[in-house]
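Reading the structure
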Amino acid sequence: MSAAELLEKLSDPERSVRNTAALTIGSQSEIGCADVLVDALWAEQDFFVRETMTWAVTRLEEATRPAVLAAVGEDRPSEVRVRALHVVSKFADPETVDAVLPFVTDPDGAVARKARWALGRIKEPRAVPYLLALLGEQDSEERNALTDDIAAFGSAAVPALVAALGSDDRAVRRHAADILCYIGHPDAEDAAEALGAAVADPEAPVAMAALMALGELRGDVARAQIEAAREAGDPRVRGAAERLAARKPRRPSVRARSAG
């Protein structure tokens, strides 16, 4: 099938025809179809066809990337921008990070959420400070989404999160502890000492969040910090520390055993 025929089929009324055309373009790396394929993706209403088109666009990344990055711009409809950021996340290329960073605080909430999500999939450490600047500011749904996005960086986010435990803003301190809890063993083991210090935080929610994060670690430092928390002044912290200390030691994860 010629490139011209494939391009025509991308706009066929029948979803199976559009899907097959996109699959063929991607499989055969039809570079000449790149621009039309990208435009077809923005217009496509069928979820499954969009997924195939997205796959094809990523297969032709070198040819499609300029058009995809251009579609993130503020002059495009929100739905197109979100789809473009989804494709960028599939590229997973650190070189695209600078094109995504300006949109983590975009006035369009859907675009901002997708930009942060994309950064968590690209996992370029340079993006971490931009995401941590948003700690403590969101409602619960936004906060949980940001937790997932930052936790996706694993150990690369831990030093900045440890620094955030010392913030003057209690919401930031608590959120940082929550993310370290989510990251857990083994990537957050280096945060154990700082989390132990945070257990003494005058704000009980922060202290409890730090203690829960320690409970997700398995190293000697974390266990020692939990043991020390059994003498905490706050009875809630003491009680939680008692329960954690009484818990049977967890076996090392498969990942940790493999690393050893």
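What counts as what
Residues numbered from 1 in each chain as written. Predicted model: local features only at pLDDT ≥ 70, side-chain atom pairs only at ≥ 80, totals over all residues. Heavy atoms only, no water. Axes fitted to C-alpha atoms, helices over the stretch in contact; angles between N-to-C directions. Helix = DSSP H or I, 4+ residues; strand = E, 2+ residues; numbered from the N terminus. Parallel < 35°, antiparallel > 145°, perpendicular 65-115°, else oblique. Left-handed = near helix turned anticlockwise from the far one by under 90°. Contact = heavy atoms within 4.5 Å. Buried < 20%, exposed > 50% of the residue type's maximum accessible area, 1.4 Å probe, protein only. Lys, Arg positive; Asp, Glu negative; His and termini not counted. Salt bridge = Lys/Arg side-chain N within 4 Å of Asp/Glu carboxyl O. Polar contact = N/O pair within 3.5 Å; in protein donor to acceptor, adjacent residues only side chain to side chain. pLDDT = per-residue confidence, 0-100. Expected span 1.5 Å × (residues − 1). Nonpolar A, V, L, I, M, F, W, Y, C, P; charged D, E, K, R; others polar. Core = buried A, V, L, I, M, F, W, Y, C linked by side-chain atoms within 4.5 Å.

1. A few points about the packing of helix H12 (residues 170-183) against helix H14 (residues 204-215)
At a closest axis distance of 8 Å, the pairing of H12 and H14 adopts a crossing angle of 15°. In this view, H12 runs roughly parallel relative to H14, as classed from their interaxial angle. Relative to H14, the crossing made by H12 is left-handed. Here H12 contributes Arg170, Arg173, Arg174, Ala177, Asp178, Leu180 and Cys181 to the contact with H14, which in turn contributes Pro205, Val206, Ala209, Ala210, Met212 and Ala213.

2. Some details on the side chain of glutamate 189
Mapped onto the secondary structure, glutamate 189 falls in the loop between H12 and helix H13 (192-198). Buried within the structure, glutamate 189 lacks any salt-bridge partner; arginine 218 is the closest side chain of opposite charge, at an N-O distance of 6.1 Å. A distance of 3.2 Å separates a polar atom in the side chain of glutamate 189 from the backbone nitrogen of glycine 219. Ignoring sequence-local partners within four residues, the contact set of glutamate 189 consists of Gly184, Leu217, Arg218 and Gly219.

3. Looking at the confidence of the model for the protein chain
Across the protein chain, the average pLDDT comes to 93, with 94% of residues at or above 70. Between the elements of the protein chain, mean pLDDT differs from a low of 44, seen in helix H17 (residues 254-259), to a high of 98, seen in helix H11 (residues 158-164). Per-residue pLDDT stays below 50 along residues 254-260; that stretch engages in 5 contacts with residues further than four places along the chain or on separate chains.

4. Some details on helix H2 (residues 15-27)
The first and last C-alpha atoms of H2 sit 18 Å apart over 13 residues, in line with the 18 Å expected at 1.5 Å per residue. By the burial criterion, the buried members of H2 are Arg18, Ala21, Ala22, Thr24, Ile25 and Gly26. On the buried face of H2, the contacting elements are helix H1 (3-9), helix H3 (34-43) and helix H4 (47-59). Two residues or fewer after H2 comes serine 29, characterised by a positive phi angle close to 50°.

5. Some remarks on the packing of H2 against H4
Between H2 and H4, whose axes approach to 8 Å, the crossing angle comes to 15°. When the axis of H2 is compared with that of H4, the two are roughly parallel. Two packed elements cross with a definite hand, and for H2 against H4 that hand is left-handed. Across the interface between the two elements, Arg15, Arg18, Asn19, Ala22, Leu23, Gly26 and Ser27 of H2 pack against Phe48, Val49, Thr52, Met53, Trp55, Ala56 and Arg59 of H4. Taken together, the residues of the contact of H2 with H4 sort by class into 7 nonpolar, 4 polar and 3 charged.

6. A few points about the nonpolar core
Counting residues in each nonpolar core, the largest one holds 76 residues, and the members touching the most others are Leu195 and Leu211. Leave out the neighbours within four places in its chain, and leucine 211 touches Val199, Ile226, Ala229, Val237, Ala240, Ala241 and Leu244.

7. Here's the deal with the pattern of salt bridges
Note on pairing: side chains with opposite charge can pair once their charged atoms come close. A full pass over the atoms with the stated rule returns 19 salt bridges. Among the ionic pairs, arginine 18 bridges to glutamate 44, the shortest N-O distance being 2.8 Å. Pair noted here: arginine 18 is in helix H2 and glutamate 44 is in the loop between H3 and H4, with a separation of 26 residues, a long-range link. Among the residues examined, arginine 18 registers a relative accessible area of 12% and is labelled buried. With relative accessibility at 5%, the residue glutamate 44 sits in the buried group. The residue aspartate 149 makes a salt bridge to arginine 121 at a minimum N-O spacing of 3.7 Å. Of this pair, aspartate 149 sits in helix H10 (residues 140-151) while arginine 121 is found in helix H8 (residues 109-122), placing the two residues 28 residues apart along the sequence. Connected via shared salt-bridge partners are Glu61, Arg65, Asp93 and Glu95.

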